Amino acid sequence: MSDPVSSIRNLGPAFEQACTRAGIHSAQQLRDLGPDAAYARLLQAGTKPHFIGYYVLVMGLQGRPWNDCKGEEKKALRQRFDTLKAQVRATPQSQMISDLDAVGVRVTQDDLKQL
């Protein structure tokens, strides 16, 4: 059995659940993907972009404390994060969501539930 994602330093149960939604089921799979490809998958699966979450992932995969990221390194990671965020869009859960998004209306599947 593979080690769970939460066995990686800094990554807890909530991050592990987000990885599961993105099809990342083990710590080794996450390591193999690397931080940028893994974070892109999280974004595609609907995880909201959050810079701290991104650099916590990067630091964790390097075996470093999450708050070890400072100065120029943090600025460089911010640029990588901003690039990822600009390039990756969440995959729509339905054609209706995709069509609404195309005309500038942002909704989620929960917004479309019947009342």
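Keep in mind that this is a model prediction, so the values were computed, not measured. (Residues numbered from 1 in each chain as written. Predicted model: local features only at pLDDT ≥ 70, side-chain atom pairs only at ≥ 80, totals over all residues. Heavy atoms only, no water.)

Undergrad: Would you take a moment to explain helix 4 (residues 71-87) for this structure?
TA: Along an α-helix, a turn takes 3.6 residues, which lines up residues three or four apart on a common side. In a regular helix each residue adds 1.5 Å, so 17 residues correspond to 24 Å; helix 4 covers 25 Å between its end C-alpha atoms and thus fits that length. Residues of helix 4 that are buried include every one of Leu77, Phe81 and Leu84, and no others. Projected onto a plane normal to the axis of helix 4, the buried residues spread over an arc of 60° and lie on a single side. Of the exposed residues in helix 4, the ones pointing more than 90 degrees away from its buried face are Glu72, Lys75, Gln79, Ala86 and Gln87. Buried positions along helix 4 lie against helix 2 (27-44) and helix 3 (51-61). (Helix = DSSP H or I, 4+ residues; strand = E, 2+ residues; numbered from the N terminus. Expected span 1.5 Å × (residues − 1). Buried < 20%, exposed > 50% of the residue type's maximum accessible area, 1.4 Å probe, protein only. Arc of directions from axis to C-beta. Contact = heavy atoms within 4.5 Å.)

Undergrad: What is the right way to look at the pattern of salt bridges in this model?
TA: Pairs can form between side chains of opposite charge once their charged atoms are near each other. Under the definition given, this model contains 5 salt bridges. Between Asp68 and Arg64 there is a salt bridge; the shortest N-O distance is 2.8 Å. Asp68 gets classed as partly exposed once you look at its relative accessible area, which sits at 33%. Across the salt bridge formed by Arg78 and Asp82, the nearest N and O atoms sit 3.2 Å from each other. With Arg78 and Asp82 both in helix 4 and 4 residues apart, this pair spans about one turn of that helix. (Salt bridge = Lys/Arg side-chain N within 4 Å of Asp/Glu carboxyl O.)

Undergrad: Help me understand the nonpolar core, please; the structure alone is not making it clear to me.
TA: Nonpolar side chains tend toward joint burial in soluble globular proteins. With 27 residues, the main nonpolar core has Leu11, Phe15, Leu30, Tyr39, Tyr54 and Leu77 as its most contacted residues. Sorting the residues of this core by element identifies helix 1 (13-21), helix 2, helix 3 and helix 4 as the ones contributing at least two each. Dropping the residues within four chain positions of it, Leu77 is found in contact with Phe51, Tyr54, Tyr55, Val58, Met59 and Cys69. (Core = buried A, V, L, I, M, F, W, Y, C linked by side-chain atoms within 4.5 Å.)

Undergrad: What am I meant to see in the packing of helix 2 against helix 3 here?
TA: The angle between the axes and the distance between the axes are what describe a pair of packed helices. Interhelical geometry of helix 2 versus helix 3 gives an angle of 155° and a closest axis separation of 10 Å. When the axes of helix 2 and helix 3 are compared, the pair comes out roughly antiparallel. The handedness of the crossing between helix 2 and helix 3 comes out as left-handed. In contact with Leu30, Arg31, Gly34, Pro35, Asp36, Ala38 and Tyr39 of helix 2, helix 3 contributes Gly53, Tyr54, Leu57, Val58 and Leu61. Residue classes in the contact of helix 2 with helix 3 are distributed as 8 nonpolar, 2 polar and 2 charged. (Axes fitted to C-alpha atoms, helices over the stretch in contact; angles between N-to-C directions. Parallel < 35°, antiparallel > 145°, perpendicular 65-115°, else oblique. Left-handed = near helix turned anticlockwise from the far one by under 90°. Nonpolar A, V, L, I, M, F, W, Y, C, P; charged D, E, K, R; others polar.)

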